[in-house]
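Results of the structural survey
Listed below, chain by chain, are the residues.
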Amino acid sequence: MKLWKLLTATAAAAVLLATPAFAQTRIALVVKSLGNGFFDAAAKGAEEAAAELGDVEVIYTGPTAATAEAQIEVVNSLIAQQVDAIAISANDPDALVPVLQRAMERGIKVISWDSGVAAEGRQLHLNPSETALIGETIIKLAADYLPEGGDVAILSAASTATNQNAWIEAAKAAIPEKFPNINLVSVVYGDDDSVKSTEEARGLIAAYPDLKAIIAPTTVGVVAAAQVVTDQNLIGKINVTGLALPSEFKQFIDNGASQAVALWNPIDLGYSAVYLANALVEGAEAAPGATLSIGKVGEVTLDDTNSAAMAAPFQFDASNIEEFSKIY
Amino acid sequence: MSDTTVTARQLPDRLDNPLKSAVLSWESLLVLVALGIFLANSFASPYFLNAWSLSDLTFNFTEKGLIALAMALVIITGEIDLSVASIIALASTLMGLALQYGADTPTLVAVGVGVGVLCGAFNGFLVTGLKLPSIVVTIGTMSLFRGVAFIILGDQSFKGYPKEFSWFGQGYVGWVISFELVLFLVAAVIFYVLLHRTVFGRQVFAIGNNATAARFSGVRVDRIKFVLFCLTGLMSGIAAVLLTARLGSTRPSIAEGFELDVVTMVVLGGVSILGGAGSIIGVVLAALIIGLVTFGLGLLNVPGIVMTIFTGSLLIVVIALPILWKMWKERRA
């Protein structure tokens, strides 16, 4: 019977695949979808943390389609496997709540990271960064290369973009105290559209001849501005900076249109998520005000909603853009 | 095994017999596959043979399976309904809207099921009233229904469904037997009787084999097709209630991609995609197999993409097998 042979072979192969882990802490890193460079990098960081902690096994998993329904099936199978902790970047803040509550009822520690779950569906949430830190960082990125100070302008996304507006407010708040010689001359909006962003960048350069830096806290705007600076031969006169994807932005670090940009570091994010999940498994209490270690990245303090911010955005410059452009 | 039955049951009517025996052996093959996967799962993971694991497993297919039951009938008549997932989205969204106006649990269920039936009736009207091809109609309504849900909700979500309502998607009738599973089994029995034990069911097969001949035999083809589209709408509405209750929230992207999973179940269950043949037992077994495969591979933490490849291959094998078997038999004859 061929079928039987096939079945026994499959079963045998499956047994070999499923090497059970003994007396180990098993932490599942659940991502929005597999095959995404950002999350693969996070998994790399998670493995790093597991190696440091010892006795921790990381299960890197997630659905193929980035839907809440598919993620629920993944969580269900993790509950059945009786993992010790689930660290999830959720496809939906609400739809995952019932299944994650069930996981917690069965003694599994649940944290969310990157993309959060509503407070009742997890014990704590790890944000890559927070508004004040981001606002401060985008100014610092420009100020670091302007020892004498000077005029800078912001090229944002849509004027209604909640994230960007909050960051710009935080940036404005940080300037008088921490960067007194930086003069923010204008905020324009490119709507996260390449053409509009290009026009707005040209407009800024024409309107402010003394402009020393363009800060674009959006991945679309920052590329458009750097392209304009390159095309108009203003490299060395105007420094473009902001939040950028290393893979998209590498050429502008290479050609000098930009000194440095920043974004969340997915490796550190996965690393910190595993540290926090492990801390909960070891009995740490997730309560407002609690301070938890995230290894080499530092430590986090939980706020009123048990959320924490990992760190300021991670800086990419000539020294590390090569490495990170391969990741995301 | 199947070889001997074929020779033993050779009847003079050459058109009917091979088809019937193929359907018969098809289900036994599915039982074998299901048992095989069950065994493989038990060997592969120490966590599989556990009452709660097996109970959790059923959530992987109950909602889609409910729709597949009705979809099987539609496909047997030679039509298809690709809008089922979007019906879920619209029904769920309108339930959420009703909730904002203070609807209680019975009203919510009524809204969900009612919207499902209305959407199905709309499909049925376009197909039978305006004589449009069902694949075109339902690709259109697929965008239309979900589009309306997006207009109502945007990037927002509805939540805060009452606790009694969540029971439909998260509750247990007893021990580890979920309400969803019981509902699926009851529906399977009803659909079995409807398709295999009633005149209506015979007429469904007749339409699928030859709609013109059926019409000349006095079968009210359009009316039956209209009823079937309402029926898939109804099952989608019920699935919307279950899924919304299970997720405890509504987003316009709810149930995205379900339609292909449902069609996969139906085809894997041995229903001919060209119409005219199929059985409810096959569909139920196929739903179970898909649940076993996805959950089993999930327990081994096999990446989702491998699962997709696995179900894809399963589907191709399923469609190719009868054809290969027929070719092999013809060569022997």
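Here the structure is a predicted model, which means the values were calculated and not measured.

**Comments concerning the overall build of chain A**
For chain A, the helix and strand inventory stands at eleven helices and 14 strands. For chain A, the spread of C-alpha atoms along the three principal axes comes to 80 × 50 × 35 Å. Relative to its full complement of 328 residues, chain A shows a buried share of 52%. Excluding contacts between residues fewer than 6 apart, the proportion of contacts in chain A whose partners are at least 24 apart in sequence is 70%.

**Regarding the overall build of chain B**
The helix and strand tally for chain B stands at 15 helices and four strands. Oriented by its inertia axes, the alpha-carbon framework of chain B measures out at about 65 × 55 × 35 Å. Sorting the 333 residues of chain B into buried and exposed places 49% on the buried side. Counted over contacts in chain B with a minimum sequence separation of 6, partners at least 24 positions apart contribute 77%.

**Description of the sheet that holds strand β8 (residues 211-216) of chain A**
Residue and element names in this part refer to chain A. Here four strands make up an open sheet; going across it, the order is β7-β6-β8-β9 and the pairing parallel. A strand with exactly one partner marks an edge of an open sheet, and here the two such strands are β7 (182-189) and β9 (239-242). Within the sheet, the average angular offset between the axes of one strand and its neighbour, ignoring direction, is 25 degrees. Strand direction decides the pairing type here: β8 and β9, joined by four bridges, are parallel. Within the sheet, the bridge partner assigned to Ala-216 lies in β9 and is Gly-242. Against the sheet, helix α8 (residues 219-231) makes contact with β6 (150-156), β8 and β9, and its axis sits at roughly 175 degrees relative to β9, the strand it touches most.

**Structural notes on the interface of chain B and chain A**
Often the size quoted for an interface is simply the accessible area lost on bringing the parts together. Between chain B and chain A, the contact holds 36 residues from the first and 34 residues from the second. Among the secondary structure elements, those contributing two or more residues to the side of chain B that touches chain A are α2 (16-44), α3 (51-58), α12 (221-247), α14 (280-299) and α15 (304-332) of chain B. Along the lines of polarity and charge, the residues of the side of chain B that touches chain A split into 15 nonpolar, 16 polar and five charged.

**Points about the UniProt feature "transmembrane region" (unreviewed entry) in chain B**
All names here are of chain B. On the UniProt side, "transmembrane region" (unreviewed entry) is annotated at positions that read residues 29-49, 69-95, 107-126, 132-153, 173-195, 226-245, 266-299 and 305-325 here. A helix fraction of 100% and a strand fraction of 0% characterise residues 226-245, whose end C-alpha atoms lie 29 Å from each other. Across residues 266-299, the secondary structure splits into 68% helix and 0% strand, with the terminal C-alpha atoms separated by 25 Å.

**Observations regarding the pairing of β9 of chain A**
Side chains of β9 of chain A alternate between two faces, with Asn-239 and Thr-241 of chain A and Val-240 and Gly-242 of chain A buried alike. In this fold, the crossover linking β8 of chain A to β9 of chain A by way of α8 of chain A has right-handed handedness.

**A word on the sheet that holds strand β1 (residues 25-30) of chain A**
Residue and element names in this part refer to chain A. Taken in spatial order, the six strands line up as β2-β1-β3-β4-β5-β13 in an open sheet, and their pairing is parallel. A strand with exactly one partner marks an edge of an open sheet, and here the two such strands are β2 (56-61) and β13 (307-309). In this sheet, adjacent strand axes meet at a mean angle of 20 degrees when their direction is disregarded. Strand direction decides the pairing type here: β1 and strand β3 (residues 85-88), joined by four bridges, are parallel. Its bridge partner lying in β3, Val-30 is registered against Ile-88.

**A closer look at the pairing of β3 of chain A**
Here β3 of chain A shows two buried faces, one formed by Ala-85 and Ala-87 of chain A and the other by Ile-86 and Ile-88 of chain A. Taken together, β3 of chain A, helix α4 (residues 97-105) of chain A and strand β4 (residues 109-113) of chain A form a β-α-β motif whose crossover is right-handed.

**Topic: helix α6 (residues 162-178) of chain A**
In this model α6 of chain A runs 24 Å from its N-terminal to its C-terminal C-alpha over 17 residues, within 8% of the 24 Å that 1.5 Å per residue would give. Elements that come into contact with the buried residues of α6 of chain A comprise α5 (131-143), β6 and β7 of chain A.

**Description of the confidence of the model for chain B**
Residue and element names in this part refer to chain B. Put simply, chain B has an average pLDDT of 89, and 92% of its residues get 70 or more. Mean pLDDT in chain B bottoms out at helix α1 (residues 2-8), which sits at 52, and peaks at helix α4 (residues 62-76), which reaches 97. Note on the complex model: pTM 0.79, ipTM 0.80.

**Re the packing of helix α9 (residues 179-196) of chain B against α14 of chain B**
Residues and elements named next belong to chain B. Viewed as axis vectors pointing N to C, α9 and α14 meet at an angle of 150 degrees, and their least axial separation amounts to 9 Å. The angle between α9 and α14 places the two elements in the roughly antiparallel class. Residue-level contacts link Ala-188, Phe-191, Tyr-192, Leu-195 and His-196 of α9 to Ile-280, Ile-281 and Val-284 of α14. Tallied by class, the residues present in the contact of α9 with α14 amount to seven nonpolar, one polar and no charged.

**Here we look at the domain arrangement of chain A**
When the domains of chain A are assigned, the result is domain 1 (22-128 + 266-311) and domain 2 (131-263). Relative to domain 2 of chain A, the C-alpha centre of domain 1 of chain A lies at a distance of 33 Å.

**With respect to helix α7 (residues 134-153) of chain B**
For an α-helix the count is 3.6 residues per turn, leaving residues at separations of three or four pointing the same way. Residues and elements named next belong to chain B. If you check α7, its first and last C-alpha atoms are 28 Å apart, about what 20 residues at 1.5 Å a residue would give, namely 28 Å. Residues Ser-134, Val-137, Thr-138, Thr-141, Met-142, Phe-145, Arg-146, Ala-149 and Leu-153 constitute the buried set of α7. At its buried positions, α7 is contacted by α5 (84-100) and α6 (105-129).

**Section: the UniProt feature "domain: Periplasmic binding protein" (unreviewed entry) in chain A**
In the numbering used here, UniProt assigns the feature "domain: Periplasmic binding protein" (unreviewed entry) to residues 27-284 of chain A. Span residues 27-284 of chain A is 47% helix and 20% strand, its end C-alpha atoms 15 Å apart.

**What about the environment of Phe-179 of chain A?**
All names here are of chain A. Counting through the fold element by element, Phe-179 comes out in the loop between α6 and β7. Assessed through the 20 C-beta atoms surrounding it within 10 Å, Phe-179 is described here as buried. Residues Phe-179 and Ile-139 lie 40 residues apart in sequence; the distance between their C-alpha atoms is 7.8 Å. Apart from the residues within four sequence positions on either side, Phe-179 is in contact with Ile-139, Ala-143 and Ala-174.

**Quick notes on unusual backbone geometry**
Unlike most non-glycine residues, Asp-192 of chain A shows phi in positive territory, near 55 degrees. Relative to the helices and strands, Asp-192 of chain A is located in the loop between β7 and α7 (194-207). The phi dihedral of Ala-255 of chain B is positive, around 65 degrees, even though this residue is not glycine. By the element assignment, Ala-255 of chain B lies in the loop between β4 (249-250) and α13 (258-268). Residue Ala-255 of chain B is classed as buried on the basis of its 29 C-beta neighbours within 10 Å.

**Some details on the environment of Ala-277 of chain A**
You can see Ala-277 of chain A is positioned in helix α10 (residues 266-281). Counting along the chain gives 25 residues from Ala-277 of chain A to Leu-302 of chain A, while the straight-line C-alpha distance between them is 14 Å.

**Some words on the nonpolar core**
Leu-29, Ile-86, Ala-87 and Val-274 of chain A together with Ile-88 of chain B are the most contacted members of the largest nonpolar core, which totals 215 residues. When we break this core down by domain, the ones giving at least three residues each are domain 1 (22-128 + 266-311) and domain 2 (131-263) of chain A. Discounting chain neighbours no more than four positions away, the residues touching Ile-86 of chain A are Ala-28, Val-30, Val-75, Leu-78, Ala-103, Ile-108 and Val-110 of chain A.

**Section: the confidence of the model for chain A**
Overall, the predicted model of chain A reaches an average pLDDT of 87, with 93% of residues at or above 70. Note on residues 15-21 of chain A: pLDDT under 50 across the span, and nine contacts to partners over four residues away in sequence or across chains.

Conventions we followed
Residues numbered from 1 in each chain as written. Chains lettered and ligands numbered in written order. Predicted model: local features only at pLDDT ≥ 70, side-chain atom pairs only at ≥ 80, totals over all residues. Helix = DSSP H or I, 4+ residues; strand = E, 2+ residues; numbered from the N terminus. Buried ≥ 20, exposed ≤ 12 C-beta atoms within 10 Å, placed from the backbone. Contact = placed C-beta atoms within 7 Å. Pairing = 2+ DSSP bridges. Axes fitted to C-alpha atoms, helices over the stretch in contact; angles between N-to-C directions. Nonpolar A, V, L, I, M, F, W, Y, C, P; charged D, E, K, R; others polar. UniProt positions renumbered as here; feature names shortened; annotations may be inferred. Right-handed = clockwise from strand over helix to strand, strands pointing away. Expected span 1.5 Å × (residues − 1). pLDDT = per-residue confidence, 0-100. Parallel < 35°, antiparallel > 145°, perpendicular 65-115°, else oblique. Domains from an automatic or database assignment. Core = buried A, V, L, I, M, F, W, Y, C linked by C-beta atoms within 7 Å.

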